Amino acid sequence: MGILRHFERRVEGAVEGMFARAFRSGVQPVELGKRLVRTVEDSRAVGVNRVYVHNVYVFELSQRDRERFADYENDLANELAALAVDTARENDWAMLGPARVELVTADELSEGRFRLTSHVEAAQRPEAAAAPAQAPVVEPDGPNWAAAPVPEPAGPHTAMLPGQVREAKVRAPASLLLLTGNQVVRAFPLSGQELSIGRAEQSDITLADPGVSRNHARVVREGDDFIVEDLRSTNGTEVNGQLVRRRRLADGDVVKLASSTLQFRREG
């Protein structure tokens, strides 16, 4: 899965070479990432207009594994929170608040074992925000991680948080630009509710590319947003270098189908 590969590379960069030395045994960061992705998927709940997932995830680790993460625990929590957001974005799921990941110690767990729980924590109103809460000290004789402030919400917000303020773009014109290198070959206005992309002649955007499936992808309009959806194509659909099944598009996003490149542009 592409988002997990990106996660692992980011973690390796965050710890500046300590990754290989620190994780020869015990829990591996990629194990946490894989479990997190499954837990995000399992937390789905269908709302009135969309699917929601949990936004707070708590990993319970053995004391030995927690000690191993101590020097870069905040960085790892941030990357895990960003991974949760990426998972939600890839599937167009919503969160009711910013994503947050916490790591805590469970004395009964042996090295290499961990647990993950999750829940929904709605975003606070600005007037309700207070000084960072202090978690209770659970290890008075060990390293005092638990006395640190509860981590701030980490990672970018999903693009679909209820109540999130967006720049007004009422029916703002949008188009897909077919590119060759940096040159625009043709512009396709997104004026209807759906635009099909593929090798078939009846496609709204016909691509003479042998790697493109006959019915490869489509772009659909939801309100004033545009969503690209892969239609079970052979070679997949990428947005900004990441394979996606369904993704909300933002101005400047690059959509790649095999060797063909389209750029989403939004006026206003």
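This write-up is about the structure you can find in this document. (Residues numbered from 1 in each chain as written. Predicted model: local features only at pLDDT ≥ 70, side-chain atom pairs only at ≥ 80, totals over all residues. Heavy atoms only, no water.)

**Re the overall build of the protein**
Secondary structure assignment for the protein yields 5 helices and 16 strands. The buried share of the protein, taken over its 268 residues, is 44%. By sequence separation, contacts in the protein at least 24 residues apart represent 60% of the contacts at least 6 residues apart. Counting every atom, the protein has about 14400 Å² of accessible surface; 48% of that belongs to carbon and sulfur. (Helix = DSSP H or I, 4+ residues; strand = E, 2+ residues; numbered from the N terminus. Buried < 20%, exposed > 50% of the residue type's maximum accessible area, 1.4 Å probe, protein only. Contact = heavy atoms within 4.5 Å. Areas by Shrake-Rupley, 256 points an atom, 1.4 Å probe, with all protein chains shown as cover.)

**Examining the environment of Glu 267**
Positionally, Glu 267 belongs in the segment after strand 16 (260-266). Taking the relative accessible area as the measure of exposure, Glu 267 reaches 54% and is therefore exposed. Sequence separation between Glu 267 and Asp 251 is 16 residues, and the spatial gap between their C-alpha atoms is 8.2 Å.

**Focus: the pairing of strand 8 (residues 194-198)**
Both strand 8 and strand 10 (residues 217-222) contribute to a ladder of 4 bridges, which runs antiparallel. By the bridge assignment for strand 10, Glu 194 is matched with Val 220. Strand direction decides the pairing type here: strand 8 and strand 9 (residues 205-206), joined by 2 bridges, are parallel. Paired with Gly 198 across the strands is Thr 206, a residue of strand 9. (Pairing = 2+ DSSP bridges.)

**Here we look at the pairing of strand 11 (residues 225-230)**
The element strand 11 is largely enclosed, with a buried count of 5 among its 6 residues. When strand 10 meets strand 11, the two strands line up antiparallel, connected through 6 bridges. By the bridge assignment for strand 11, Arg 221 is matched with Phe 226. Hairpin connection of strand 10 to strand 11: 2 residues between the antiparallel strands, including Gly 223 at a positive phi of 65 degrees.

**Points about the nonpolar core**
Counting residues in each nonpolar core, the largest one holds 27 residues, and the members touching the most others are Leu 32, Leu 36, Phe 59, Phe 69, Leu 80, Val 101 and Leu 103. Of all the elements in the fold, those that place two or more residues in this core are helix 3 (29-42), strand 3 (56-61), helix 5 (73-91), strand 4 (100-105) and strand 5 (114-119). At 8 residues, the largest contribution of residues to this core is made by helix 5. Apart from the residues lying within four places of it in its own chain, the contact partners of Phe 59 are Leu 32, Leu 36, Leu 80, Val 101, Glu 102, Leu 103, Val 104, Phe 114, Arg 115 and Leu 116. Among the nonpolar cores identified, the runner-up in size contains 21 residues, and Leu 178, Phe 188, Val 212 and Val 244 belong to it. (Core = buried A, V, L, I, M, F, W, Y, C linked by side-chain atoms within 4.5 Å.)

**Re the pattern of salt bridges**
Applying the stated criterion to the full structure yields 13 salt bridges. In this structure, Arg 68 engages Glu 111 in a salt bridge whose closest nitrogen and oxygen atoms are separated by 2.4 Å. Taken as a pair, Arg 68 in helix 4 (residues 63-69) and Glu 111 in the loop between strand 4 and strand 5 lie far apart in primary sequence, 43 residues in all. Judged by relative accessible area, which is 16%, Arg 68 ranks as buried. Salt-bridge contacts for Arg 246 lead to Glu 229; the nearest nitrogen and oxygen are separated by 2.7 Å. Note that Arg 246 is positioned in strand 14 (residues 246-248) and Glu 229 in strand 11, a separation of 17 residues in sequence. Pair check on accessibility: Arg 246 and Glu 229 agree, each one buried. A single network of salt bridges, built from pairs that share partners, joins Arg 64, Asp 65, Arg 68 and Glu 111. (Salt bridge = Lys/Arg side-chain N within 4 Å of Asp/Glu carboxyl O.)

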